[in-house]
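Okay, here's what each chain looks like letter by letter:
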Amino acid sequence: MANVREYLRSRTKKVREGRNINYKEKIRSHKLTIFYRGLLGIALTVAVAAMIFVSWRNREYEESVIVNSIPVTRVEGSTYLPLGNYILTYSKDGANCMDSKGGVLWNQTYEMQNPIVDINGTVAGIGDYNGRTIYIMNTSGRIGEITTNLPIRNFSVAANGIVAVVLDDARITRIHLYDTSGNVLVESETTMDKSGYPIDISISPNGELLAISYLYVDSGILKSSIAFHNFGEVGQNLSADRFVSGYDYQGTIVPFIHFMNSSTAFAVSDDRIMFFSGNQKPLSAAENLLDVKVQSIFYNEEYVGLVFLNTEGDGKYRLNIYNDSGTLITGMGFDMEYTNIIFHKDEFIICSDLEYGVYNIHGTERFRDQFEEIVYLFVPQEKSSRFLVMTQNAMRVMEMK
C-alpha cells in the first residue's frame, strides 16, 4: 500500500511540475508573440511613414491659384528684395518694407547715387558706394545708423546688426566693425604690399567671424588669399586683428565669399568652390574644382547653387547644388532664361520674369507654370506652397495645390 501511495504522490508531483513547466512555456511564448507583434507593428509604421515621406517629397502640384491681390505701384528705378518673408523696396531716394498684406511697415528716405544693400535674415544694411552713411534696418524699422569719415567700398551686415565695412583711405584700405549705435568695435588696415586688396567680405550671422577675400601679386604671380578673423572670446586672446585661419590660392581670383550660417562659409573662384567649417577657427572642409566658368551663384543657410553654361547638351544651363558640407547633391540641365533661383526647405525654384519651375532638392520637377504678367520678385512664405509675387501693379499671394 505504501508503494502505491508513493507512486501516486510521485505521479501527482510530476503532473504538477509538468503543468508548471507548460504554464511557464505558455507565458514565455505569449510574451515573445507580443514582442514580435510589436516589432512588426513598428516596422510597418516606419515603412508606411517612409512611403508617405517619399510620396510627399516627390509630390507634384497640379495648379497655382492667386488667393489674394493687393494693388501696389512699382516706382521706376526701384528694386525688390526679400527681407525675411517681407518685401524690401529700395531706390536712390529711399527704401520701405511691406508685409504680406501690402501694409507698409516703415519708410526710410535718403539720397544715394549707388545704393548697396546687404541682407542677413531680417536685417538689412543700406549704404551708398563711395558714400559715408549706412542705415541698418529690420522688419520693424531703423535699428541703427553708421557714419564713416572715409568712402565706403563694401560692407556686410550680421543678423544682430553688426556691420563690417571696407573703407578707402588712399593707399590704405581700412576694415572697421561697427555696432548699431555707430560705435567702432574693431579697426584694421591693409595695403597691397601687406596682404592685398579686399575684393569681398562676409560677416557671420552672429557677428563673431569675418571672412575676407584678398587679391595680390607676389613676384609677378597673381594670388588670392582668404582670411578669417574671430571677434568673439576666442579672438580676444590673439593678435590685434583677431586673425585665426587663412588659405592661399595661386593663379586664381576669389571674388565671392559668404557665410551660410554661423559655422559654415563658402567661397567661389574662377576654378573652384571652397567650403570652410568651424564657429571659432574656420578650417577648409571641402573643395570642388570647376572646369566651366560660373555664371551665377545662389544660396541659403543649407544649400549653394552654381549655374554654368551647359556643355553636356541636356539644356542651355547647368545647375550644381552643394549642401553645407560641400558635397555635390544635384546636377541638372535646364533651358529657362532665369533671373533667380530660390532655395526653400526641401525645394528650389528656378524663376524668370515670365515663368517658373519648382523642383525637389534632388532635381525632380514638381510644377512648372507661366506668369500672366512680368514678375519682379518671388518670395517663399512659411507655408511651403505659398509665395508672394511682386508685379508692376500688385502684390499677389500665390498658392500651389
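Draft legend 1. Representation of the sheet that holds strand β5 (residues 104-109) in the model. Strand order in the open sheet formed by 4 strands is β2-β3-β4-β5, and the pairing between neighbours is antiparallel. The sheet terminates laterally at β2 (79-83) and β5, the two strands that pair on one side only. For this sheet, the mean inter-axis angle between neighbouring strands, taken without regard to orientation, is 20°. Two strands pair when backbone bridges link them, and strand β3 (residues 86-90) and strand β4 (residues 94-98) are joined in this way by 4 bridges, in the antiparallel orientation. Note that in β4 the partner of I87 across the bridge is M98.

Draft legend 2. Broad picture of the pattern of salt bridges. In this structure the tally under the stated criterion is 17 salt bridges. Across the pair D346 and R366 runs a salt bridge, and its minimum N-O distance is 2.9 Å. Of the two residues, D346 is situated in the loop between β26 (340-344) and β27 (347-351) and R366 in strand β29 (residues 365-370); the sequence distance between them amounts to 20 residues. Like D346, the residue R366 is buried in the burial classification. Several salt bridges converge on common partners, so that one network encompasses D169, R174 and E189.

Draft legend 3. Structural detail: the nonpolar core. Within the largest apolar cluster, 16 residues are counted, with the highest numbers of intra-cluster contacts made by V307, L319, F334, I341, F348 and I350. Elements represented by at least two residues in this core include exactly β23 (303-309), β24 (317-323), β25 (328-334), β26 and β27. Per-element tally for this core: the top contributor is β24, with 3 residues. With residues near it in sequence (within four places) discarded, I341 still touches F298, V307, L319, F334, F348, I349 and I350.

Draft legend 4. Representation of the confidence of the model for the chain in the model. Taken as a whole, the chain shows an average pLDDT of 88; of its residues, 85% reach a score of 70 or greater. The low-confidence segment residues 45-56 (pLDDT under 50) makes 2 contacts with residues lying over four places distant or belonging to another chain.

Draft legend 5. Expanded view of the pairing of strand β11 (residues 163-169). The buried count for β11 comes to 5 of 7 residues, which makes it a mostly enclosed element. Looking at chain direction, strand β10 (residues 152-157) and β11 are connected through 5 bridges and run antiparallel. Looking at the pairing, F155 lines up with V165 of β11. Counting the residues that bridge the hairpin from β10 to β11 gives 5 residues, and of these G161 lies at a positive phi of roughly 95°. Bridging between β11 and strand β12 (residues 172-178) involves 7 bridges; their strand directions are antiparallel. Bridge pairing links V165 to H176 in β12.

Reading the values: rules and limits
Within each chain, residues carry numbers counting from 1 in the order of the written sequence. Reporting of local features is limited, given that this is a predicted model, to residues whose pLDDT is at least 70; pairs of side-chain atoms are given and counted only at 80 or more, and all residues count toward the totals for whole chains, interfaces and linings. Side-chain descriptors were evaluated using all non-hydrogen atoms of the structure, hydrogens and water having been removed beforehand. Two strands pair if DSSP finds at least two bridges between them. Only DSSP runs of H or I with at least four residues qualify as helices, and only runs of E with at least two residues qualify as strands; both kinds are numbered from the N terminus onward. Here an angle of 0 to 180 degrees is reported between the N-to-C directions of two axes, which are lines fitted to C-alpha atoms, with helices fitted over the stretch in contact. Counted as salt bridges are all cases of a side-chain nitrogen of Lys or Arg within 4 Å of a carboxyl oxygen of Asp or Glu. The classification of residues rests on relative accessible area computed with a 1.4 Å probe and restricted to protein chains. Under 20% of the type maximum is buried, over 50% is exposed, and intermediate values are partly exposed. The definition of a nonpolar core used throughout is a set of buried Ala, Val, Leu, Ile, Met, Phe, Trp, Tyr and Cys residues joined through side-chain atoms within 4.5 Å. Note on contacts: a residue pair is in contact if any heavy atoms of the two residues lie within 4.5 Å. pLDDT gives the predictor's per-residue confidence on a scale running from 0 to 100.

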